[in-house]
Amino acid sequence: MPPVIRPPSIRADQLSRRHALQLLAGGAASLATGCSEPDKNSVAQGDRTELPYVHMPEGLLPGVPQHYATALPLAGYGRGVIVTAFEGRPTKVEGNPRHPASLGATDVFAQAEVLSLYDPDRSQAIRAAGEISDWPAFASAFRARLQEHGVDKGGGLRVLTGRIASPTLLEQMAKLQKALPDLRWHVYEPTQGAEGEAARAVYGVALRLRPRLSDADTLIVFDADPLGPGPDQVANGRALADRRRRDRASARLYAAESALTLTGAFADRRITAHPDAIEAMIAALAAELGASIARPQLSSGAGEFLAAAARDLKARPDRALVLVGPSLSPTSRALGLWINDRLDGPVDAFAPDDRAPQAGTIAALADALRGGDVRTLVVLDSNPAATAPGDLGFADLMARASFRVHAGLYFDETAAASTWHAPTPHPLESWSDIASPDGAVSLVQPLIRPLWPSWSAHAILAPMAGEPDQSDYERLRAAWRGRWGTDGFEARWRKALVDGVVEDRAPEPVSRPRATLPNWTVPAPAPGFAVVFAPDPSVFDGRFANNAWLQECPQPFSKAVWGNAIEMAASDAGRLDIREGDEVEIVAEERRLSGPVRLANGLAPGVLRITLGYGRTRAGRIGNGLGINAAILRASASPWITRGAALRRVSGDGRLSPAVAGLYALPGEARKLAPELAPGAALPPPAPKPSFNTPTPTPPGDPYAWAMSIDTDACIGCNACVVACQSENNVPSVGPDQIRMGRDMHWLRIDVYDHGDGQAPRPVFQPVPCMHCETAPCEPVCPVEASVHDHEGLNVQVYNRCVGTRFCESNCPYKVRRFNFFGYADGQEYGDLGDPLVKAVNNPNVSVRARGVMEKCTYCVQRISAARRLAERETRLIAEGEVVTACQGACPTQAIRFGNLADPKSTVSVLRHDPRHYTLLEELHTRPRTTYLARVRNAGPGGSKA
Amino acid sequence: MSSASAFASGSARAKAPTLLGPLDDRAVTDLVCAPLLRPAGLRWWVAFLVCTVGLIATLAGIYKLFSAGVGIWGINTSVVWGYAIANYVWWIGIGNAGTLISSLLVLTRQDWRASISRFAEAMTLFAVSIAGLFPILHLGRPLYFYWLAPYPASMQVWPQWRSALVWDFWAITSYLIFSIIFWYVGVLPDFATVRDRSSGAWRKVYGLLALGWRGSARHWRHYRRLQITLAALATPLVCSVHSIVGLDFAASLMPGWREPIFPPYFVVGAMYSGFAVVVMLSIVISRGLGLQQLITARHFEAMAKVMLMSSVVMGLSYASEWFAAWYGGNRADRALLVYEFTGAYWKLYIAMLTCNIVAPQLLWFPVMRASVPVLVGVSIGILVGMWLERILIIWNTLSYSFLPSMDRIFFPTVWDWLFLFGPMFVFAWMFLLFCRVAPVVPMHDVRELLHREGAR
Amino acid sequence: MREAKEPAFVAEFRSPSDLIAAIRHALDQGFRPLDALSPYPVEGLDEALRLPKSTIRWPMLILAVCVAALAYALQYWTAVYAYPIHSGGRPLNSWPIFPLVPFEVGILAAGVAGFAALLTLCGLPRVNHPLFDWDAIERATDDRYFLLVGAPEEASESRRLRTVLEGARAIRVRELSL
């Protein structure tokens, strides 16, 4: 359950004077913290058509947050969320347990959306050739243009969008194509895998195939990253974690990959291999399963790996799955589908939505532009000028169309290349609907009035199709009335808004036709480097480039922030005499990209890896000029890998982005920092320590002793908890220069240790919040009693008492305290984060820390006290699961558990007796309240070395 | 001669005269008072102006610090302490020598300390006042430094008495005030002497400073007793002060800090660097004020031997640290030991050992002890080495502790350097003023010594 | 110092030995030396003048003990009663480390008490002492040694005292009323 704090149901007979005063005070306080004018962001006035998630309060109670269900898009797909708003000011995103793509958790991007909402760099006005204009001017110009096209039935008129999973928008698109038959619609999604055609190759028809990871005993991924950033990440993570919890010994994940991914880190057995080798492995596996293809030569390591994998596959074929990543050849992907079909593993097939109009590719659009038969180009919520594959040269081609309209959240590279630009509303400001990857549809409802005049994709498409001019709200209701009929519509509408998901929209699986073995040929190994691309875990495909929270969110392994780099294997670097930080240039065909080198573990020799989304020039004040734009090297034919690239060293001083930490090997005794176990194995119990001082954990009789338990076997290192903590606790961003000075403010960090070696890493993620030690070293050294222990065992920091001696941090063995060297949130902010508008993102229940003050994880004490207030009002104790910390709520795999240690039946109490339970730095006898469960590596026979 | 004096003044054969005759009461008075009565020379003015510039620069730095925040320094999330704390320990260490000289040496009957005790104590006052600034400057919110003091606050909170910083607060305060009293009691009769030799407005000033001292036997009787008692009290005070500074680190659980040897070894280190400064001040004063008759080879000989002894003790302390880290067998401690010699700061660590342990061994040779350049060189080396020792105690432990993900290196900024060198000018500035207004040598002590030696 | 307004003879000597000798001589002759002025504390002067041992240590000891006790009491009261907090699992009354502050402030108190006691016992500050009326006294802080002898009532005795002092190698003898 997400932390839904039900507002009190105030009835006149209950409302005591004291209570009324409390509410008044709370209201006054939170109104003081709210900053921009009420008319801008108060749903208390204006159209009150949004519906709160739970009990609608009688009017808006100041200080009492409201929770609304909506959905946030990522790569066009929706993830259900529940957003907390104070006085109509959205401040926090939580997962929606009823939504299949969320299951109560979120990914890192959803957590950061509230900051994007208040981004002062968002486009705030219609622009004509860059100059500020207005809607009437645009409307008339656009209408005139459309009338010309009305004559030629839309010939020469092209629409480019990202992936559209909004039923209503798809209907509009269909209407549009009916109205203008010659109009062409193109879709470009920079992070789109190659789902469709592989299925067509195997089944003859375009099926949407979705594996059920939670039902797979053996899962083999070939350069696929189901746990990587993307709209499926949360659901996949939850599925794999649930599968492990059910029976660890029978769950085994194999990963053969050219670059270390989150999936590879999560794997039980992983091998680093060049894409060519991986293709060979797939073929070998197919042959092993009876495919009539020549079994290619494999290296010894790959041979062992594949043998073990095949053994497990054959053991339970119906519970085995193979995933083949988009960077591999279409035939290999087809082979993967064939293997799954042969195994008859847990894969669901869905018929493609035939109601949806068919869209062309961006390559086709580029050809049309080159051919000069595009006169008008409309780009909706897409930024091809920055993200289109480099071989298209799209930014230049756009000029071939004389009338170019761009509608987007930012005045970005594409907007700059357009004749007209219109700002679109942020998802938290707009009415719409959107489907999740597995087809579950949610209604998108605004949490706040648009901060600036803006026009949604609906509003842009409507006039093109000659639809009546109406508000998005009316249009959406009309569309759903069309689907549901009028009788009982209001009830269903209300229920859909409250639940955050429309039940009857999840499609039914269809039976798969007979699969045919695709003809497979040994791919000719290309000379030079193979450059593989991946969505960036921080800025995805660049759409989050101007989000400081995400920019400062460390990459999973390199822990780099504020930019990407050309990742390279140490062996290659040594061979070419290249050092980390050198500036190198990659040349593939005529496409050139130069950038700094970062040495990466688990990267196959001959492979370079670059994440997407950087090198932005018009992202905004936060995101401009960071990193390098990998899209330049991409080819539209094979967007995920570019073979035969040449690399040369340019200079010794590349602008390498800073890193807050790294991936650390654990020699010898240090392994107990993050132990690794075989399934069923147990850790040795800690030796009892002699001590003259035996402190009492909590004063006897106190009903609460808060504690946290973190399962490192479930952690996928997705960083959602890190940004969730930042959002919940008003943790400021410090900017790249401060990071370079070794300063950061994250209350929760994710350490990553390597039990393997640099070439074949076996990483273990270890989220490290404050340990809340019972004998905290930070407390007795504080001269002013700013670092104290409360009666429930929380190690709390009294900000307004702190004088900033920093003795607590220097004496903290876990180094979890963070110091405001400058007024990071208090007058010396980085970039434009000092903008009054950004302050609206702050959680009014958490004080913003001043300069010179130490701060740290509080176990979300504000949530504890909210739950306590509620419990005391109902004269009962806080129940298990009633307090959910921000990190716990965000965690897709439920690796983080929080609860009351004084209750022997609570989850944390039970987990304390788990054989995998361990305490970080136990030998220091600090008696932490935050403890861990060891990582399990189910490597299987002979798997220990791989 | 007591055994203690034997250590300080070597064998009777090697003993040089403490005072160079011909000297009598009047000569002592003339020598000491002359600088106060004659106008300052050009060299003084030049030095004073240079130091004034340094003083202004330091004040500017403090203004910048208070307006921008401690972020202007190189400190980071792991190495939260930096130059400020190292400077603090360094200055307080220097501040220890003065009182040690005029307390420990009084108790051990070291007659040679008479000539140098006065300016050594002045050095203590200035060094301690500078040292006392750093804990305040280094605070994140310096305007609230007084929260360390117990007073009935409206918040009804009190200091946290278990914190070594609170002990520091009291130790520094007590030590500073006590040293002022000690110093003033010592200089009181000499102010009377200057009063009776000066004229005009200065005569009135010194008259007030002297409180009407007449040299009455009935006063001397209390005076002598008070001085001995204060000396007896100052010795444990000095030791406790630097022991507490040592506890700032020792009372923690970080590898490299959690060492019981820290308090004594900090005290010796303090005496060590303090004597290095006294040696250099002695040279400046005896040359600058023409007091070669009062500050003689004997003094340098004795101080050189003290430094030599200290260097040996320091060497033993380091060795015991290394041994404890290895013998304790704790992973973190052993790793830190390796890091000290191989980690990011290993060059500095070697330099520190060279300055503190190797270089002073020159002083085994009498010819070296007699050579002023060698003494100056060794002293400067010791001061550098002792500062390096303090900064490395902070850097090594904080840069390389339990969890590798938080290992961070310290990179000093220009402001760090300003706060390292600026206070040195402030110190020199105060000392230059002191030379102009107060007798730099305790005349009554020297006269006493003179008469006693004459009596022998 | 007892400040009876009475006439006294002040004799100036060149050396501490002359001074001591003169005191002995004057005592033998039945006069009563009151005080002596010297530029440094002359050994044996107290004994010659039959001055009792200084009692200055008592106030120092008493104040030191009181202040130290007060300091510990303050720590105890604030840590145990006024503001008891759970600090790293330490006992509220952390007696092993609480003595540190009392030690420091105790010594400080002794120093302050000693200085205060010095001033009270010596009747200082007093910048306008009748002795200063005689310019020659200035050298009492330089290189001359002075003896103060209470002047007898009879003029004959006074004359005898003067001769005694001059006989004791006094450079100058002068009668002042103190």
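Reference entry: report on the structure contained in this document.

About the thresholds
Residues numbered from 1 in each chain as written. Chains lettered and ligands numbered in written order. Predicted model: local features only at pLDDT ≥ 70, side-chain atom pairs only at ≥ 80, totals over all residues. Heavy atoms only, no water. Helix = DSSP H or I, 4+ residues; strand = E, 2+ residues; numbered from the N terminus. Contact = heavy atoms within 4.5 Å. Pairing = 2+ DSSP bridges. Axes fitted to C-alpha atoms, helices over the stretch in contact; angles between N-to-C directions. Left-handed = near helix turned anticlockwise from the far one by under 90°. Nonpolar A, V, L, I, M, F, W, Y, C, P; charged D, E, K, R; others polar. Buried < 20%, exposed > 50% of the residue type's maximum accessible area, 1.4 Å probe, protein only. Phe/Tyr/Trp six-rings, centres within 6.5 Å; stacked < 30°, edge-to-face > 60°. Core = buried A, V, L, I, M, F, W, Y, C linked by side-chain atoms within 4.5 Å.

## Thoughts on the side chain of A:Arg238
Okay, step 1: Among the structural elements, A:Arg238 can be located in helix H6 (residues 233–246).
Okay, step 2: Filtering out sequence-adjacent residues up to four positions away, A:Arg238 remains in contact with A:Leu103, A:Pro892, A:Thr893 and A:Gln894.

## Considering the sheet that holds strand S21 (residues 583–588) of chain A
Residues and elements named next belong to chain A.
Okay, step 1: Pairing is mixed around the closed barrel formed by six strands, whose spatial order is S19-S23-S20-S22-S21-S24. Strand-to-strand twist across the sheet, computed as the mean angle between neighbouring axes with direction ignored, equals 45°.
Okay, step 2: The pairing of S21 with strand S22 (residues 591–599) spans six bridges and is classified as antiparallel. Bridging from a neighbouring strand, Val-584 pairs with Gly-595 of S22.

## Section: the packing of helix H16 (residues 472–484) of chain A against helix H17 (residues 489–499) of chain A
Residues and elements named next belong to chain A.
Okay, step 1: Remark: H16 packs on H17, axes separated minimally by 11 Å, with the N-to-C direction vectors making an angle of 115°. Two packed elements cross with a definite hand, and for H16 against H17 that hand is right-handed. Contacts between H16 and H17 involve Tyr-473, Leu-476, Arg-477, Trp-480, Arg-481 and Trp-484 from the former and Phe-489, Glu-490, Arg-492, Trp-493 and Ala-496 from the latter.
Okay, step 2: Among the residues making up the contact of H16 with H17, the classes are represented as seven nonpolar, no polar and four charged.

## As for the pairing of strand S3 (residues 145–150) of chain C
All names here are of chain C.
Okay, step 1: By the criterion of burial, S3 is predominantly enclosed, with six of the six residues buried.
Okay, step 2: Of the two faces of S3, the one lined by Tyr-145, Leu-147 and Val-149 and the one lined by Phe-146, Leu-148 and Gly-150 are each fully buried.
Okay, step 3: Here strand S2 (residues 33–37) pairs with S3 via four bridges, running antiparallel. If you follow Leu-37 over to S3, its bridge partner there is Phe-146.

## Quick word on the packing of aromatic side chains
We describe a pair of aromatic rings using the distance from one ring centre to the other and the angle between the two ring planes.
Okay, step 1: Applying the stated criterion across every chain yields a total of 77 aromatic pairs over all chains.
Okay, step 2: On the numbers, 4.3 Å between centres and 15° between planes, the contact of B:Tyr144 with B:Trp147 is stacked.
Okay, step 3: Accessibility expressed as a relative area gives 24% for B:Tyr144, which makes it partly exposed.
Okay, step 4: The interplanar angle of 75° and the centroid separation of 5.0 Å between the aromatic rings of B:Phe249 and B:Trp257 together place this pair among those described as edge-to-face. Note on accessibility: B:Phe249 and B:Trp257 belong to one class, buried.
Okay, step 5: Three or more aromatic residues joined by ring pairs make a cluster, and in this case those are A:Phe807, B:Trp81, B:Phe249, B:Trp257, B:Phe262, B:Tyr265, B:Phe266, B:Tyr318, B:Trp322, B:Phe341 and B:Tyr349.

## A few points about the nonpolar core
Okay, step 1: Membership of the largest hydrophobic core comes to 314 residues, with the highest contact counts inside it found for B:Phe249, B:Phe431 and B:Phe434.
Okay, step 2: Aside from chain neighbours lying at most four places away, what touches B:Phe431 is B:Phe119, B:Ala122, B:Met123, B:Phe126, B:Leu281 and B:Ile285.
Okay, step 3: Counting residues in each nonpolar core, the second largest holds 42 residues, with A:Ile220, A:Ala256, A:Leu306 and A:Val322 among its members.

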